[in-house]
Protein chains: 2
Amino acid sequence: MSVTIKKIAKDLNLAVSTVSKALRDSHEISAETKARVFEYAAKLDYIPNPYASSLKKGRSGNIAVVLPEVADSFFSAAINGIESIAHDKGYHTMVYLTHEDVQREQSIVREFRNGRVDGVLMSIVANDEKYEHLTELYANKIPLVFFDRVCESIETASVVTNDFDSAYAAAKHLIDQGSKRIAFLSMPGELAIIKHRHQGYTQALRDHALPERVVFCTDNEDENNAIIEQLLTASDRPDGIIGSIEKVTMPVYKICHAHRIAIPYDIKIIGFSHLQIASLLDPPLTTVTQPAFEMGKAAATILFKALEKKYNLKNERIIIPSVLNVRASTHTMSIENK
Amino acid sequence: MSVTIKKIAKDLNLAVSTVSKALRDSHEISAETKARVFEYAAKLDYIPNPYASSLKKGRSGNIAVVLPEVADSFFSAAINGIESIAHDKGYHTMVYLTHEDVQREQSIVREFRNGRVDGVLMSIVANDEKYEHLTELYANKIPLVFFDRVCESIETASVVTNDFDSAYAAAKHLIDQGSKRIAFLSMPGELAIIKHRHQGYTQALRDHALPERVVFCTDNEDENNAIIEQLLTASDRPDGIIGSIEKVTMPVYKICHAHRIAIPYDIKIIGFSHLQIASLLDPPLTTVTQPAFEMGKAAATILFKALEKKYNLKNERIIIPSVLNVRASTHTMSIENK
């Protein structure tokens, strides 16, 4: 006779729901009861298959998180936030890395159409110009929540930070510190976060009648180093830099060190970054810090609301503000480490 | 009539295997054929369920990666290595974070017994003292490969680095630089990596007739800061520090900065760390750098060999050596940034 939860419940004189929860290691069931159920189930060689039960229930119990990379401190913290919610909800988190490659993103997202995951949290690749794969996902009624890097042409929920305002504040801070030739290190492509940061920068410079200078970095580390080296060794070197994402800011430090360009005296630097050790850099880096953990948590919370209540996600947008942490890379007065 | 791969193949005049591969977005199939298959399948509303097919094939197509955290640069790089192999093999990567909590690890691993994943890659929690959940996994014939943090009482494959030798080399380097009171910042629990690093440190100090001093840090950030602050402000302050893991090394920097303890003059510091920006810290941090990406790749490669060839993993061990990167935190002579 095939072993079922019903048999285990009957033999142990427990409710079927109690056995089912115990086997899922639910917090609602006491450790003692769980031990009894596990022991008896093991004795009977009972192994429930989650995917057999997922076919019955029409859900897999998995959510997908699609990210450009995990090496970036923002995305590490965001995964922590997402996973903390998913774990509480009894869901499993599948992590997919696009490495900023559109084709890889397309191939990953295509896999989701068929029930492998119940919902998707996503930060799109930088050079994404075609969105059919996302439209398709949306058409397949798989709930999709964007965080940080949003695809604005898809009507769904998203969790972002105040990119325009915080870039404006970053530029204004450099201007207040005396910078007159402020460059913005951008990335090619259509990313909304970069566009909004760029607009905030532009607005601040126009409001102060200063010239704009946008430098496009790339995903290739060597190319990037060459672009930044050229920028910093030319005769018209900027005296202020805003790094629009973490990975374009670190090379600026390296090249300043190599060429003995003194930060903040020769040049002042602000980076959009979630780096926890920004205060330990030489000199401590002024950052616009995104609320990465909170953004991950908020995005997962919306996704689970949609999954539990079975409603379609609207074009709602949650904005969690970033924080400007002023440190010695933009400030010639002595500042306490913080 | 229910739509099947056979029907799609017949209607499009393709082999069943071609349609099946196209639907899996295989690299073996041309973009043109894939487009034809996808378009026709969409027209017929054909959605293959991976878990229906997994029940038939007895595999889920998922692997699990169980880690203490993702914020650590070592684990970020290891996930990149693992995911690069899994993606090539057409597998999906599920990431589980234990946050150094044994109960959470147990509850995560229990979920694996029932077919959710085909194999497991794991770095165990630091304070793990009970291994029944791992023994159970092993008994259920789910292939398990440890990387970095190994449970030595389970006979399976593991990928590690040369912890004893590299800790010996780290201590020897501090001794060569003139340190006489070298402390080792350890973590409580039974982690093999910490044990081996501790042993390497001890051996080097004994070989040079120097006194040993082991300081136990904790997982709680505030407690940790208090422990390190006490160590660094006492009259018998060490003149050399080896941080056995990344998260105990960064607080040393913070507290040295706050108390104006000059690195490397008052104290020299080496950390086991995969931090890419170690060279940008103030001062640049000497590190023992583990080959994180390579370790992740090697562990995933072994796991897939076991999955594909269906053999049981033996007690084999792959050792990929770490590298000592000497920088200004241990060296009073001027050193080029690297």
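Residues numbered from 1 in each chain as written. Chains lettered and ligands numbered in written order. Predicted model: local features only at pLDDT ≥ 70, side-chain atom pairs only at ≥ 80, totals over all residues. Heavy atoms only, no water.

Undergrad: Looking at this model, I keep getting lost on the nonpolar core. Mind explaining?
TA: The nonpolar side chains of a soluble globular protein tend to be buried, and buried together. A:Phe112, A:Val120, A:Leu232, B:Phe112, B:Val120 and B:Leu232 are the most contacted members of the largest nonpolar core, which has 99 residues in total. Counting residues in hydrophobic clusters, the runner-up holds 64 residues, among them A:Leu97, B:Tyr91, B:Phe147 and B:Phe304. (Core = buried A, V, L, I, M, F, W, Y, C linked by side-chain atoms within 4.5 Å. Buried < 20%, exposed > 50% of the residue type's maximum accessible area, 1.4 Å probe, protein only.)

Undergrad: In this structure, what is going on with the sheet that holds strand β7 (residues 213-216) of chain A? I would like to understand it.
TA: Whenever strands of a sheet pair, they do so through backbone hydrogen bonds, lying parallel or antiparallel. Residue and element names in this part refer to chain A. The strand order β7-β6-β8-β9-β10-β12 describes an open sheet built from 6 strands, whose pairing is mixed. Only two strands of the sheet have a single neighbouring strand rather than two, namely β7 and β12 (323-325). When the angles between neighbouring strand axes are averaged without regard to direction, this sheet yields 20 degrees. Relative to β12, strand β10 (residues 286-289) runs antiparallel, the two sharing 3 bridges. When the sheet's bridge partners are listed, Val288 is paired in β12 with Leu324. Set on the sheet, helix α9 (residues 192-207) makes contact with β6 (182-186), β7, β8 (240-243) and β9 (268-272); between it and β6 the angle comes to about 170 degrees. Strands β6, β7 and β8 of the sheet are contacted by helix α10 (residues 221-233), whose axis makes an angle of about 150 degrees with β7. (Pairing = 2+ DSSP bridges. Helix = DSSP H or I, 4+ residues; strand = E, 2+ residues; numbered from the N terminus. Axes fitted to C-alpha atoms, helices over the stretch in contact; angles between N-to-C directions. Contact = heavy atoms within 4.5 Å.)

Undergrad: Which parts of the structure should I look at to understand helix α9 (residues 192-207) of chain B?
TA: Every α-helix carries 3.6 residues per turn, so stepping three or four residues along brings you back to the same face. Residues and elements named next belong to chain B. A rise of 1.5 Å per residue sets the reference length of α9, with its 16 residues, at 22 Å; its end C-alpha atoms lie 22 Å apart and thus fit the reference within 8%. For α9, the set of buried residues is Ala192, Ile193, Ile194, Arg197, Gly200, Tyr201, Thr202, Ala204 and Leu205. In the core, the buried residues of α9 are packed alongside α8 (163-176), β6 (182-186), β7 (213-216), β8 (240-243) and β9 (268-272). The positive-phi residue at the C-terminal boundary of α9 is Ala209, with phi of around 50 degrees. (Expected span 1.5 Å × (residues − 1).)

Undergrad: Can you help me understand the domain arrangement of chain A in this one?
TA: All names here are of chain A. You can read the domains of chain A as domain 1 (5-48), domain 2 (60-161 + 292-320) and domain 3 (163-290 + 324-330). A straight line from the C-alpha centre of domain 2 to that of domain 3 covers 28 Å. Domain 2 puts 20 residues into the contact, and the matching count from domain 3 is 17 residues. Summed over both sides, the interface between domain 2 and domain 3 buries roughly 1400 Å², with carbon and sulfur atoms accounting for 52% of that surface. The tally of links from domain 2 across to domain 3 stands at 3 salt bridges. Inspection of the region where domain 2 meets domain 3 yields 4 residue pairs in polar contact (both at pLDDT 80 or more). If you list the elements that add at least two residues to the side of domain 2 that touches domain 3, you get α5 (73-88) and α12 (292-309). In terms of residue count, α5 provides more of the side of domain 2 that touches domain 3 than any other element does, 3 residues in total. For the side of domain 2 that touches domain 3, a count of residues per class yields 9 nonpolar, 3 polar and 8 charged. (Domains from an automatic or database assignment. Buried area = accessible area lost by both parts, 1.4 Å probe. Salt bridge = Lys/Arg side-chain N within 4 Å of Asp/Glu carboxyl O. Polar contact = N/O pair within 3.5 Å; in protein donor to acceptor, adjacent residues only side chain to side chain. Nonpolar A, V, L, I, M, F, W, Y, C, P; charged D, E, K, R; others polar.)

Undergrad: Would you mind going over the pattern of salt bridges with me for this structure?
TA: Where charged atoms of side chains with opposite charge meet at close range, the side chains can pair. Residues and elements named next belong to chain B. Taken as a whole and assessed by the stated rule, the structure comprises 27 salt bridges over all chains. Here Arg317 ties to Glu152 by a salt bridge, and the two come within 3.9 Å at their closest N and O atoms. One end of the pair, Arg317, is in strand β11 (residues 317-319); the other, Glu152, is in the loop between β4 (144-147) and β5 (157-160), and 165 residues separate them in sequence. With a relative accessible area of 39%, Glu152 lands in the partly exposed category.

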